[in-house]
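Each chain, written out:
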Amino acid sequence: LTPRLVLTARHCVAVTDPGAACNSEGKPIAGGQVHADDEPSAIYVFAGKERPDILSGTARPVRGKEILTTGAKTLCDNDIALVLLERPVPDAKIAPVRLKAMPDQGEIVTVVGWGITEEDPDPETRMQRTNVPIVDVGPSDGLGPKEFRIGEGTCQGDSGGPAIAASGAVLGVLSRGGNGTGAQGADACLDGVNIYTSTAGHADFLRAGYEKAGQEPWLEGQPNPLLAVNGAACTRDADCRSNVCDAERKTCTDGCDEDR
């Protein structure tokens, strides 16, 4: 979300029950208990779509400084966390986020992750699946008010990965899923369902995380806050929130029609 703030699932950065069954109020029916958060400095963050070579020592990770949570003791309706990093990730590409409204049933998303596939239990390249419809938005059966559900699309290892709207904004993070057959590996994901924790459902929590990271939120449909404001120095249009860099003055400015 910022070069120093990473959005993920709570169970990715905590000791929790291995599974969770929840009701439509976001309360646990079985499992889902959070026991303790991990040590922040044990969390490494890398950028890029290729899996880094951690064992060789050539990769240069950024460590976690603090884990931010909602304080909930259950994953139901609260499987979301932020990792505040010790320093910015070099050349980080940040994403906008949806904080105003829950997604709509039928909305199309792209899901992203590092999870297992039928061919590879440990993929070297980050994967994505496009044109995935949201089939249900909570509250609903097995789905809390701050959660939404898709069908098949993600698998074990994709937890904490985003669902991204057509606008490019993050709508939520993957919490749990499966097909309920008890199968192992990728077979457990075929024809399954997957539940995401909504970012909009935790807007206040995320805004507090942005504040701690020292950056205003990049809201869906708004300009990237890392870009320069009008009057600031620039060398190209892409440097500016307005996407217009005055070639003579070398400052960001609003665009205008040719006849004005």
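Residues numbered from 1 in each chain as written. Predicted model: local features only at pLDDT ≥ 70, side-chain atom pairs only at ≥ 80, totals over all residues. Heavy atoms only, no water.

A. Molecular detail of the state of the cysteines. Under the definition given, this model contains four disulfides. At a sulfur-sulfur separation of 2.0 Å, the disulfide partner of Cys22 is Cys76. Here the S-S torsion is close to -80°, and the disulfide linking Cys22 with Cys76 is therefore left-handed. Pair noted here: Cys22 is in strand E3 (residues 20–22) and Cys76 is in the loop between strand E7 (62–69) and strand E8 (81–85), with a separation of 54 residues, a long-range link. Take Cys22: its relative accessible area is 4%, and that puts it in the buried class. Across a sulfur-sulfur distance of 2.1 Å, Cys240 and Cys252 are joined as a disulfide pair. Between Cys240 and Cys252 the sulfur-sulfur dihedral comes to about -80°; the bridge is accordingly left-handed. Residue Cys240 is found in the loop between helix H1 (203–213) and strand E15 (245–246), and its partner Cys252 is found in strand E16 (residues 251–252); the two are separated by 12 residues along the sequence. Cysteine pairing for the chain, with bonded cysteines counted in sequence order: 1-2, 3-4, 5-7, 6-8. For the unlinked cysteine Cys12, the closest cysteine sulfur is that of Cys155, found at 14 Å. (Disulfide = S-S within 2.5 Å. Helix = DSSP H or I, 4+ residues; strand = E, 2+ residues; numbered from the N terminus. Buried < 20%, exposed > 50% of the residue type's maximum accessible area, 1.4 Å probe, protein only.)

B. Here's a closer look at the sheet that holds strand E12 (residues 162–165). The strand order E9-E10-E11-E14-E13-E12 describes a closed barrel built from six strands, whose pairing is antiparallel. Averaged over neighbouring strand pairs, the angle between their axes works out to 45° when direction is ignored. Sheet topology places strand E11 (residues 147–150) next to strand E14 (residues 193–198); four bridges connect them, and they run antiparallel. Bridge pairing links Glu147 to Thr197 in E14. (Pairing = 2+ DSSP bridges. Axes fitted to C-alpha atoms, helices over the stretch in contact; angles between N-to-C directions.)

C. Up close: the sheet that holds E7. Pairing within the open sheet is antiparallel, and its four strands lie in the order E1-E8-E7-E6. Whereas interior strands pair on both sides, the edge strands pair on one side only; in this sheet they are strand E1 (5–8) and strand E6 (44–45). Here E7 runs beside E8; their pairing, made up of five bridges, is antiparallel. Residue pairing for E8: Ile67 is matched across the bridge by Val83. Lying on the sheet, H1 is in contact with E1, E7 and E8; it crosses E8 at an angle near 0°. (Contact = heavy atoms within 4.5 Å.)

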